Amino acid sequence: EDQVTQSPEALRLQEGESSSLNCSYTVSGLRGLFWYRQDPGKGPEFLFTLYSAGEEKEKERLKATLTKKESFLHITAPKPEDSATYLCAVQAGNNNDMRFGAGTRLTVKP
Amino acid sequence: GAGVSQSPRYKVAKRGQDVALRCDPISGHVSLFWYQQALGQGPEFLTYFQNEAQLDKSGLPSDRFFAERPEGSVSTLKIQRTQQEDSAVYLCASSSRDRVTGELFFGEGSRLTVL
C-alpha cells in the first residue's frame, strides 16, 4: 500500500535558522510528488511538483528536492510568515487521487 | 470567481441528520475533487469528477456519502444519517487540466461537526 510519512511532526525555528522537512514515500510507479502549504483554517496551497529523482524546484526561501525514496523541503533563512503546515503528497500508478502525509507544522519565531 | 468557494464554512449537525456541502470551483475548471481532512491529518481523497462525470468514487467511506456535479460546474457532497466519525473538514479542489495532476486549487473547506 502506498505510504507517505512526514517528519518531524512539528518544528520550531528562530527567524533566519535554516532547516529541512522530510517526506518519505513508498509507492509503486510514482507519477509525481507535490508540496503544499496549509495555513490554519485554510485549504492547502500548491507549492511544487517533482517528477523524477534528482529534480529540484525553488521558490523564494523554499527549495524542494527528490530522491527515489524521499523528498526534502529546505527552508533557508525562514521568516515568521513561513509558519504553516507543510504537506507532502504523492500520485502513483493509475490512481486518480493524491495520497497526503500528515504534514509538518512549522513555527518560525521572530 | 477568483478561487474555489465552499459553503457552508461551518456546519453543526445532530447525529442522524443529513447534510449537503457545496463547492463552486474556479470557472472553467474541468476537474473537481473532494477530500476529507481530520484534525491533525493530511487530506484524504473521497471522489473525482471530470466535468459532470464522476470518474472515481473509491474514497467515499460508505454508501451514506454521495457526490454530484450535474452540470459540470458546482458540486454537492451529501452525507446521509451523519455519524460522529464524519466530523472533519471537507475540502473541495479544482484543476483546469482534464487529467489528474497534483496542481490543485483548494477551497477553504467546510468544517462539519456531528454531535
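A brief structural summary.

Here is what the cut-offs are and how they apply
Residues numbered from 1 in each chain as written. Chains lettered and ligands numbered in written order. Predicted model: local features only at pLDDT ≥ 70, side-chain atom pairs only at ≥ 80, totals over all residues. Heavy atoms only, no water. Helix = DSSP H or I, 4+ residues; strand = E, 2+ residues; numbered from the N terminus. Rg over C-alpha atoms; globule rule 2.2 N^0.38 Å. Buried < 20%, exposed > 50% of the residue type's maximum accessible area, 1.4 Å probe, protein only. Pairing = 2+ DSSP bridges. Contact = heavy atoms within 4.5 Å. Buried area = accessible area lost by both parts, 1.4 Å probe. Salt bridge = Lys/Arg side-chain N within 4 Å of Asp/Glu carboxyl O. Polar contact = N/O pair within 3.5 Å; in protein donor to acceptor, adjacent residues only side chain to side chain. Disulfide = S-S within 2.5 Å.

### Here's the deal with the overall build of chain A
And step 1. Assigned secondary structure in chain A consists of zero helices and eleven strands.
And step 2. Starting at the N terminus and ending at the C terminus, chain A contains elements arranged as β-β-β-β-β-β-β-β-β-β-β.
And step 3. Radius of gyration (C-alpha) of chain A: 13 Å, near the 13 Å computed for a compact globule of 110 residues.
And step 4. Scored against the burial criterion, the 110 residues of chain A give a buried share of 45%.

### Brief notes about the pairing of strand β5 (residues 45-50) of chain A
On a regular strand, one side chain projects to one face of the sheet and the next to the other, so that they alternate.
All names here are of chain A.
And step 1. Where strand β4 (residues 30-38) lies against β5, five bridges are found, and the strand directions are antiparallel. By the bridge assignment, W35 is partnered in β5 with F48.
And step 2. Hairpin remark: β4 followed by β5, antiparallel, with six residues in the connecting loop; positive phi at G41, about 75°.

### A few points about the interface of chain A and chain B
And step 1. Across the contact, 19 residues belong to chain A and 21 residues belong to chain B.
And step 2. Here chain A meets chain B over a buried area of about 1500 Å², counting both sides, of which 50% is carbon and sulfur.
And step 3. Linking chain A with chain B are one salt bridge, by the criterion used here.
And step 4. The salt bridge partner of E108 of chain B is K42 of chain A, with a shortest N-O separation of 2.8 Å.
And step 5. Our count for the chain A to chain B interface comes out at six residue pairs in polar contact (both at pLDDT 80 or more).
And step 6. At the level of elements, β4, β5 and β9 (84-92) of chain A are the ones that each hand at least two residues to the side of chain A that touches chain B.
And step 7. Sorting elements by how many residues they give to the side of chain A that touches chain B places β4 of chain A first, with four residues.

### A short note on the environment of P8 of chain B
And step 1. Considering the arrangement of structural elements, one finds P8 of chain B in the loop between β1 (5-7) and β2 (10-13).
And step 2. When neighbours within four sequence positions are excluded, P8 of chain B is seen to be in contact with A20, L21, G109 and S110 of chain B.

### Overview of the state of the cysteines
Residue and element names in this part refer to chain A.
And step 1. Counted by the stated rule, this structure contains two disulfides over all chains.
And step 2. Two residues, C23 and C88, share a disulfide whose sulfurs are 1.9 Å apart. Linking C23 and C88, the disulfide has an S-S dihedral of approximately -60° and is accordingly described as left-handed. Of this pair, C23 sits in strand β3 (residues 19-26) while C88 sits in strand β9; the two residues are 65 residues apart in sequence, bridging distant segments of the chain.

### Details of the pairing of strand β7 (residues 62-66) of chain A
Residue and element names in this part refer to chain A.
And step 1. For β7, the tally of buried residues reaches four of five residues, placing the bulk of the element in the interior.
And step 2. Summarising the sheet, strand β6 (residues 56-59) and β7 pair through four bridges and their orientation is antiparallel. For K59, the partnering residue across the bridge sits in β7 and is L62.
And step 3. Looking at chain direction, β7 and strand β8 (residues 70-75) are connected through five bridges and run antiparallel. Bridged to L62 within β8 is I75.
And step 4. Counted between consecutive antiparallel strands, the loop separating β7 from β8 contains three residues.

### Considering the environment of Q41 of chain B
Residue and element names in this part refer to chain B.
And step 1. You can see Q41 is positioned in the loop between β4 (31-37) and β5 (44-50).
And step 2. Of the residues examined, Q41 reaches a relative accessible area of 42% and is grouped as partly exposed.
And step 3. For Q41 and A67, which are 26 residues apart along the polypeptide, the C-alpha to C-alpha distance reads 22 Å.

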